[in-house]
Amino acid sequence: MDSKIEITLKNHESYMHKFIFGAGGIFLLFYFIFLQYSKTPWPLIVFLLLCGVYGGYLYIYFKHPTVVTADAEKLIYKHLFTSVEIILADIDRISCEPYVQSGRYHSEQRIRLTVYTENDELELNDHVDTNEVLNNKLEDKDTDLPLFRLYHFLMKQTGRTE
């Protein structure tokens, strides 16, 4: 039995991501409106500099994957400037479920793994390419879903049914 697992989530969405994307966009919109009433060139230079910094931050944020590591004692979640550590003995419940995230012009199949402790919860999610999963099943190939592997690992390590 493996005593350690490390997975990489490339399409993880968190509340922090949504906040940074929304708040930064709204701030730049209001600054652009303020820029329309300015008579000097400095606000334009500041606006372009802020757009560059915001764009660079978003590029780094989206390109840097989320890494989740678990061993026999703890679960560690790391993404950019955030790190969360959960002791496996403190886990009350673990749930893993598929869901559909709908947008205006598309929807995507995702999988959500939620780890509940007495005081908090950690939600991990990732995109699932259902076409690839079905094609692999038809060709009798193994399908790798990182969050599903982590779910099974955590269930075994915490002594729950599995």
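Residues numbered from 1 in each chain as written. Predicted model: local features only at pLDDT ≥ 70, side-chain atom pairs only at ≥ 80, totals over all residues. Heavy atoms only, no water.

Caption draft 1: Just unusual backbone geometry, in detail. Phi angles above zero are rare outside glycine, and aspartate 140 is one such case at about 55 degrees. By the secondary structure assignment, aspartate 140 is in the loop between helix H3 (130–138) and helix H4 (146–157). You can call aspartate 140 exposed: its relative accessible area is 71%. (Helix = DSSP H or I, 4+ residues; strand = E, 2+ residues; numbered from the N terminus. Buried < 20%, exposed > 50% of the residue type's maximum accessible area, 1.4 Å probe, protein only.)

Caption draft 2: Inspection of the environment of threonine 143 at higher detail. As for its position among the elements, threonine 143 is in the loop between H3 and H4. Threonine 143 sits 62 residues away from phenylalanine 81 along the chain, and the two C-alpha atoms are 31 Å apart. With residues up to four places along the chain from it excluded, the contact list for threonine 143 reads Val133, Asn136 and Lys137. (Contact = heavy atoms within 4.5 Å.)

Caption draft 3: Region of the structure containing helix H2 (residues 42–63). Compared with an ideal rise of 1.5 Å per residue, which puts 22 residues at 32 Å, H2 spans 32 Å between its outermost C-alpha atoms and is within 8% of the ideal. Those residues of H2 that sit buried are Pro43, Phe47, Tyr54, Leu58 and Tyr61. Projection of H2 onto a plane perpendicular to its axis shows the buried side chains occupying an angular sector of 60 degrees, all on one side. Looking at H2, the residues exposed on the side facing more than 90 degrees away from the buried face are Trp42, Leu48, Leu49, Val53, Tyr59 and Lys63. (Expected span 1.5 Å × (residues − 1). Arc of directions from axis to C-beta.)

Caption draft 4: Up close: the pairing of strand E5 (residues 91–102). As paired strands, E5 and strand E6 (residues 107–117) are joined by 11 bridges and run antiparallel to one another. Within the sheet, the bridge partner assigned to isoleucine 91 lies in E6 and is threonine 117. Hairpin connection from E5 to E6: 4 residues lie between these consecutive antiparallel strands. (Pairing = 2+ DSSP bridges.)

Caption draft 5: Layout of the sheet that holds strand E4 (residues 82–87). The 4 strands lie next to each other as E1-E2-E3-E4, forming an open sheet whose pairing is antiparallel. Two strands bound the open sheet, and with one partner strand each, they are strand E1 (4–9) and E4. Geometrically, the sheet is characterised by an average inter-axis angle of 10 degrees between neighbouring strands, direction not taken into account. Pairing geometry for strand E3 (residues 74–79) and E4, over 6 bridges, is antiparallel. Each residue of the ladder has a partner; that of histidine 79, found in E4, is threonine 82. Its contacts with the sheet place H4 against E1, strand E2 (66–71) and E3, and it is angled at close to 150 degrees to E1. (Axes fitted to C-alpha atoms, helices over the stretch in contact; angles between N-to-C directions.)

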